Amino acid sequence: MLGPRIEQRMQELGIKTQTDLAKRAGLSVQHVNGLIRGSRGKRLGHTTAQKLSKALRVKPIFFEIDSAVAEKGGGINAAAGHEVGQGCPT
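About the thresholds
- Residues numbered from 1 in each chain as written.
- Predicted model: local features only at pLDDT ≥ 70, side-chain atom pairs only at ≥ 80, totals over all residues.
- Heavy atoms only, no water.
- Helix = DSSP H or I, 4+ residues; strand = E, 2+ residues; numbered from the N terminus.
- Contact = heavy atoms within 4.5 Å.
- Phe/Tyr/Trp six-rings, centres within 6.5 Å; stacked < 30°, edge-to-face > 60°.
- Buried < 20%, exposed > 50% of the residue type's maximum accessible area, 1.4 Å probe, protein only.
- Lys NZ or Arg CZ within 6 Å of the ring centre and 35° of its normal.

**Q** Report on the environment of H46, specifying residues and quantitative values.
**A** Relative to the elements of secondary structure, H46 occurs in helix 4 (residues 46-56). Residues H46 and P60, 14 residues apart in the sequence, show an inter-C-alpha distance of 8.6 Å.

This is the structure we're talking about:
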């Protein structure tokens, strides 16, 4: 699910509230809340993904990783941009 991924990344960055995330992303608090709760559907629009990826400092694929992993058995570590199982660069 998308909500837990967003919340985890918020924690990693020290973003304490949905209001803070909404301000950073240029989105409404209601929109962010709906995304986290899952009431806005499973897919993000391109513009929303771009805004959130900038605010959360991840690549837009971060928001698609669950479906990519589930469907193909692999995928991208979206926050770092590396293939799953390849580890981090040294």
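**Q** Break down the side chain of T48 for me, with residues and values.
**A** Mapped onto the secondary structure, T48 falls in helix 4. Once residues lying within four places of it in the same chain are set aside, the contact partners of T48 are L27, H31 and L35.

**Q** Kindly report on the packing of aromatic side chains, identifying the contributing residues and their values.
**A** Any two aromatic rings considered together are summarised by their centre-to-centre distance and by the angle between their planes. Counted under the stated rule, the structure contains 1 aromatic pair. Between F62 and F63, the aromatic rings sit 5.2 Å apart at their centres with planes inclined by 90°, giving edge-to-face as the arrangement. Overall, the relative accessible area of 6% leaves F62 in the buried class. Taking relative accessible area as the criterion, F63 reaches 11% and is therefore assigned buried. Directly above the aromatic system of F62 lies the positively charged group of R5, at a separation of 4.3 Å from the ring centroid.

All quantities given are derived from atomic positions and should not be read as evidence of function.
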